[in-house]
Amino acid sequence: MDIPSLQREFLDETLPQIQQDGRIAGVAVSGSLAHGHPDEYSDVDLVLAVEDDAFADVMEHRLELIASWTRLVVGFTGEHVGEPRLIITLVGPPLLHVGLKFVRLSDLGVRVDDPSVVWERDGRMSAAIAAAPASPPSLDLQWIEDRFWV
């Protein structure tokens, strides 16, 4: 993957920290990094596959985990975009916008796009992604209209 230097440095520093947590089965990138068109302003979108039996504990301590993996400036959940498993963060310095979506390993078959696995413990993340195609949501024009003018 051709990744800009700031985003590459973040991944190089953070992935080894995440790998130390045995509850995390794998990490994938999505968004512009996965689709091959990032630029210097791109955020980093991560999907973290969590062991099913550890999911509740990981979800309860997500912000603390993220702060142990990287220099967390601020983070908040993604309910406003319909994704409560998502933590939207600003990390750094240097400042970088990073989204981390925590997903049960068994739920990886239900997704809107195909992320690119950048690390996994034993191949189960790749297998779960390969087992079912992505299913993008249908476009809700009224949802867009309700938000467009705000």
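This is a predicted model, so every value here is computed, not measured.

Rules of the game
Residues numbered from 1 in each chain as written. Predicted model: local features only at pLDDT ≥ 70, side-chain atom pairs only at ≥ 80, totals over all residues. Heavy atoms only, no water. Helix = DSSP H or I, 4+ residues; strand = E, 2+ residues; numbered from the N terminus. Buried < 20%, exposed > 50% of the residue type's maximum accessible area, 1.4 Å probe, protein only. Contact = heavy atoms within 4.5 Å. Patch = residues over 30% accessible without salt bridge, like charges linked within 9 Å, V, L, I, M, F, W, Y side chains within 5 Å. Areas by Shrake-Rupley, 256 points an atom, 1.4 Å probe, with all protein chains shown as cover. Salt bridge = Lys/Arg side-chain N within 4 Å of Asp/Glu carboxyl O. Core = buried A, V, L, I, M, F, W, Y, C linked by side-chain atoms within 4.5 Å. Polar contact = N/O pair within 3.5 Å; in protein donor to acceptor, adjacent residues only side chain to side chain.

1. A look at the environment of Val112
At step 1: Turning to its location among the elements, Val112 is positioned in the loop between strand 5 (96-104) and strand 6 (116-120).
At step 2: Taking the relative accessible area as the measure of exposure, Val112 reaches 44% and is therefore partly exposed.
At step 3: Separated by 66 residues in the primary sequence, Val112 and Leu46 have C-alpha atoms spaced 14 Å apart.
At step 4: Here Val112 is in contact with Ala134, Ser135, Pro136 and Pro137, once residues within four sequence places are set aside.

2. Concerning a nonpolar patch on the surface
At step 1: A contiguous nonpolar surface patch, about 760 Å² in accessible area, is contributed by Leu139, Leu141, Trp143, Ile144, Phe148 and Trp149.
At step 2: Structurally, the position occupied by Ile144 is in helix 6 (residues 141-148).

3. Details of the nonpolar core
At step 1: Membership of the largest hydrophobic core comes to 28 residues, with the highest contact counts inside it found for Leu11, Leu46, Leu48, Trp69 and Phe102.
At step 2: Elements that contribute at least two residues to this core include exactly helix 1 (5-19), strand 1 (24-30), helix 2 (31-35), strand 2 (44-50), helix 3 (55-60), helix 4 (62-69), strand 4 (83-91) and strand 5.
At step 3: Residue contacts for Leu46: discarding those within four places in its chain leaves Phe10, Leu11, Val27, Ala28, Val29, Gly99, Leu100 and Lys101.
At step 4: Membership of the second largest hydrophobic core comes to 10 residues, among which are Val103, Leu105, Leu108 and Ile129.

4. Quick word on the side chain of Gln7
At step 1: Relative to the helices and strands, Gln7 resides in helix 1.
At step 2: Engagement of the side chain of Gln7 in a polar contact is seen with the backbone oxygen of Asp39, the distance being 3.4 Å.
At step 3: For Gln7, the side chain forms a polar contact with the main-chain oxygen of Ser42, separated by 2.6 Å.

5. Overview of unusual backbone geometry
Both trends apply: most residues other than glycine have a negative phi, and most peptide bonds are in trans.
At step 1: Cis geometry marks the peptide bond from Gly92 to Pro93, where omega comes out at 10 degrees.
At step 2: With respect to the helices, strands and loops of the structure, Pro93 is situated in the loop between strand 4 and strand 5.
At step 3: In this model, Pro93 is joined to Pro94 through a cis peptide bond whose omega is -10 degrees.
At step 4: Summarising the element assignment, Pro94 is placed in the loop between strand 4 and strand 5.

Taken by themselves, the reported measurements are silent on function.
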